[in-house]
Amino acid sequence: MKFRGGYNVLLKGRPDSAIKVMPEPKVLYLPLHSKRFTFSDICVKDGQAVNGGDVLAKDPDNYAIPLLAPRTGTVRLKAVKNYIVLEDVARLEEHADIAKEKILHTERETGVAGIKRYKLLSLGAWQFFHDAFTAALPDPLGTPQAIIVSTVSSEPFVARGDVQLHRRLLNFTRGLEQLQSLLEYQPIYLAMPNITSEFANLIRNQIRGYAWVKMLEIPLTYPYGHFAILARRLGLKRSGGPVWAVGTEGVLAADRALTHTKSCTVKIISIGGTGVNLPTHLKVMPGYPIQAIKDKYVFEPAARVISGGILTGDVLTEEALGIDTECRGITVLPEMEEREFLGFIRPGWDRDCYAKCFLSSMRKPFAERLTTGLRGEPRPCISCNFCEEICPAGIMPYLIHKYLYADLIEEAEQARVDLCVECGLCSYVCPSKIDLRKQLIDAKGLIEKEKEEIRQEQLRREEARKQSEEKTE
Ligand code: SF4
Ligand code: SF4
């Protein structure tokens, strides 16, 4: 497989490979919104006592994917807006929320494969699945043309796949087997780094003999583990049907749900960045108080806290109280509130840059201590072409930026803005500090909205035509 673009972003503050278990919380704050999900269908009452694994709410627009109670506790619905708060939290015997009659009914309706899919959905494992092309939640009852499993998460500083796999290799291979049982003849592609690593050898030895798993060895370069990039490099076409995509966490969740019928309410997230005293991995559950993590790990008084990595994460505001179900890590960067005096004449021995314009390019590769400082002023595009060079999707971000600046949406569409996988590398390397990623995401949203409006208008016209034909008859 030939990859293009990509970049190894070397930064200080990467999480180490240890997994620390956070103390049991007294209160959990479960967000009703995350990147993909909105749990608007509330299934519990204020003051209700719930067990771990009980369904608190569902997302009606995403196949009724559930928000599960990670622990036993008492529900508070009105304590904090946009959260279900769980008070008096205790860790009791786990309770899987699948009623026996419901299982029998589903099995009669859909067969063994149907019950497996139902378990994945209702036990919280399905939330880890993506459509490789759109990143949306795939239809759990659909049939994919292939499954892509990526053990690579190379974005700084999100939870690493090898850490999530730590001592759970058997669970992982069993999870792969469970995934295979959902398919007929479709392949599973397992993307993993560098074949010379000890980790890669361990996995290869475990899955030897599983002919249906095709291994892909991909370099640890960001964002080669991205599902859309992998699907394209594998030559999978959207027209061939959905491609399910899942990371290490998802395979382990599939094993937990299908082998043990247990709910998936534990997460391994990273805590990293140069504002953190001990970058590492944490075992937590959705709803875990963010403040408790900050109190323990963040030493910078003025820090920007990001949910996810630095290239694709979202800034967490003070209102964000608990970890959401999709969180992959927390990144903390010292906030640069003052401009650097005569920063532009500093030789930059300690700063790395894609343009190799600092003296640091004479050093061996090194991990830079990144802050939120932009090192310079936003300015118009200088046509350096770095964004095109680095873009793994093979598009020309600067050209699309120019089209968007001139309000030429159709031209942006023709320049294949839809291929953007939102990796953020173009924004990272741009010397003019243009937030290309955000511009491209906004443009994709706008184009999609316009297309949807046209679709709706066509449906309305069709409906009106049918009605008028009926009247004439
Ligand atoms: S245009 Fe999209 S895919 Fe290309 S580098 Fe920018 S964010 Fe990544
Ligand atoms: S990296 Fe920035 S300045 Fe360079 S061509 Fe792209 S948009 Fe223009």
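Scroll up a little and you will see the structure.
Scope of this entry: the structure provided in the associated data block. None of these values were measured; they are calculated from a predicted model.

Read across the open sheet, the 6 strands follow the order β1-β15-β14-β18-β16-β17; overall the sheet is mixed. The sheet terminates laterally at β1 (19-21) and β17 (314-315), the two strands that pair on one side only. Relative to strand β15 (residues 280-284), strand β14 (residues 267-272) is paired through 5 bridges, and the arrangement is antiparallel. Looking across to β15, one finds that Ile-269 is bridged to Leu-282. Contacts from helix α7 (residues 290-297) reach β1, β14, β15, β16 (303-307) and β18 (329-334), with the element oriented near 150 degrees to β15.

There is a patch of nonpolar side chains on the surface, built from Trp-349, Leu-359 and Met-362 and spanning about 350 Å² of accessible area. Position of Met-362 among the secondary structure elements: in the loop between β18 and α8 (386-390).

Of all the positions in helix α9 (residues 397-405), only Pro-397, Tyr-398, Ile-400, His-401 and Leu-404 are classed as buried. Within α9, the buried residues cover an arc of 160 degrees as seen down the axis, which keeps them to one side. Among the structural elements, α8, α10 (409-414), α11 (425-429) and α12 (436-472) are those in contact with the buried residues of α9. After α9 finishes, the residue Asp-407 shows a positive phi value of roughly 65 degrees.

To continue, consider the site of ligand 2. In the vicinity of ligand 2, the residues found are Cys-381, Ile-382, Ser-383, Cys-384, Asn-385, Cys-387, Tyr-398, Cys-430, Pro-431, Ser-432 and Leu-436. Split by residue class, the shell around ligand 2 holds 8 nonpolar, 3 polar and no charged.

This brings us to the pattern of salt bridges. Should the charged atoms of two oppositely charged side chains come close, the side chains can pair. Enumeration over the complete set of coordinates arrives at 18 salt bridges. Of the charged contacts in the structure, one is a salt bridge between Arg-71 and Glu-24, with a shortest N-O distance of 2.9 Å. Within this pair, whereas Arg-71 is found in the loop between β6 (65-68) and β7 (72-76), its partner Glu-24 is found in the loop between β1 and β2 (28-31), the two being separated by 47 residues in sequence. Judged by its relative accessible area of 8%, Arg-71 is buried. Owing to a relative accessible area of 38%, Glu-24 belongs among the partly exposed residues under this scheme. Here Glu-87 makes a salt bridge to Arg-76, at a shortest N to O gap of 3.0 Å.

Glancing now at the sheet that holds strand β4 (residues 49-50). Taken in spatial order, the 4 strands make up an open sheet running β2-β8-β7-β4, and their pairing is antiparallel. One side of each edge strand has no neighbouring strand; the edge strands of this open sheet are β2 and β4. As judged from the 2 bridges shared by β4 and β7, these two strands associate in the antiparallel manner. Each bridged residue has a counterpart across the sheet, and for Ala-49 the counterpart in β7 is Thr-74.

A few words on the site of ligand 1. What surrounds ligand 1 is the set Cys-391, Pro-392, Ala-393, Ile-395, Pro-397, Cys-420, Val-421, Glu-422, Cys-423, Gly-424, Cys-426 and Leu-440. Split by residue class, the shell around ligand 1 holds 10 nonpolar, 1 polar and 1 charged.

Relative to each other, helix α3 (residues 169-180) and helix α4 (residues 198-207) sit at 50 degrees, their axes nearing to 10 Å. On the basis of the axis angle, α3 is oblique to α4. As for how α3 packs across α4, the hand of that crossing is right-handed. Contacts between α3 and α4 involve Leu-169, Leu-170, Phe-172, Thr-173 and Leu-176 on the former and, on the latter, Leu-202, Ile-203, Gln-206 and Ile-207. Partitioned by chemical class, the residues of the contact of α3 with α4 number 7 nonpolar, 2 polar and no charged.

Here we come to the pairing of strand β11 (residues 188-193). Across the 6 residues of β11, 6 count as buried, placing the element largely inside the fold. Sheet topology places strand β10 (residues 146-150) next to β11; 4 bridges connect them, and they run parallel. In the sheet register, Val-149 faces β11, and the bridge partner there is Leu-190. Of the strand pairs in this sheet, β11 and strand β12 (residues 213-218) are connected by 6 bridges, and their pairing is parallel. Across the sheet, residue Met-192 finds its bridge partner in β12, namely Glu-217.

Rules used throughout
All chains use their own residue numbering, which begins from 1 and follows the written sequence. Ligands are numbered from 1 and chains lettered from A, in the order in which they are written. For this predicted model, a pLDDT threshold of at least 70 governs which residues receive local features, and a threshold of 80 or more governs which side-chain atom pairs are given and counted, while totals over whole chains, interfaces and linings are taken from all residues. Calculated side-chain values reflect all of the structure's heavy atoms, with hydrogen atoms and water omitted. Two strands are counted as paired when DSSP detects at least two bridges linking them. Secondary structure elements are defined from DSSP: runs of H or I of at least 4 residues count as helices, runs of E of at least 2 residues count as strands, and each element is numbered from the N terminus. Note on definitions: a residue-residue contact is assigned when non-hydrogen atoms from the two residues lie within 4.5 Å. In this analysis, axes come from line fits to C-alpha atoms, helices being fitted only over the stretch in contact, and the angle between any two N-to-C directions falls in the range 0 to 180 degrees. Within the patch definition used here, like charges are joined within 9 Å and nonpolar side chains (Val, Leu, Ile, Met, Phe, Trp, Tyr) within 5 Å, considering only residues with over 30% relative accessible area and no salt bridge. Calculation of accessible area relied on Shrake-Rupley with a 1.4 Å probe; when residues are assessed, cover is drawn exclusively from the protein chains displayed. Only one rule defines a salt bridge in this text: a Lys or Arg side-chain nitrogen within 4 Å of an Asp or Glu carboxyl oxygen. For the exposure calls, accessible area comes from a 1.4 Å probe over protein chains only, and a residue counts as buried if that area is under 20% of its type's maximum, exposed if over 50%, partly exposed in between. Taken from the helix axis, the directions to the C-beta atoms give the arc we talk about. Near residues are defined by distance, with any heavy atom within 4 Å of the molecule or strand qualifying the residue. Classes in brief: Ala, Val, Leu, Ile, Met, Phe, Trp, Tyr, Cys and Pro nonpolar; Asp, Glu, Lys and Arg charged; the others, Gly included, polar. Roughly parallel means an angle under 35 degrees; roughly antiparallel, over 145; roughly perpendicular, 65 to 115; everything else is oblique. Left-handed describes a crossing whose near helix is turned anticlockwise from the far helix through less than a right angle; right-handed describes the clockwise counterpart.

Distances and angles like these do not, on their own, reveal function.
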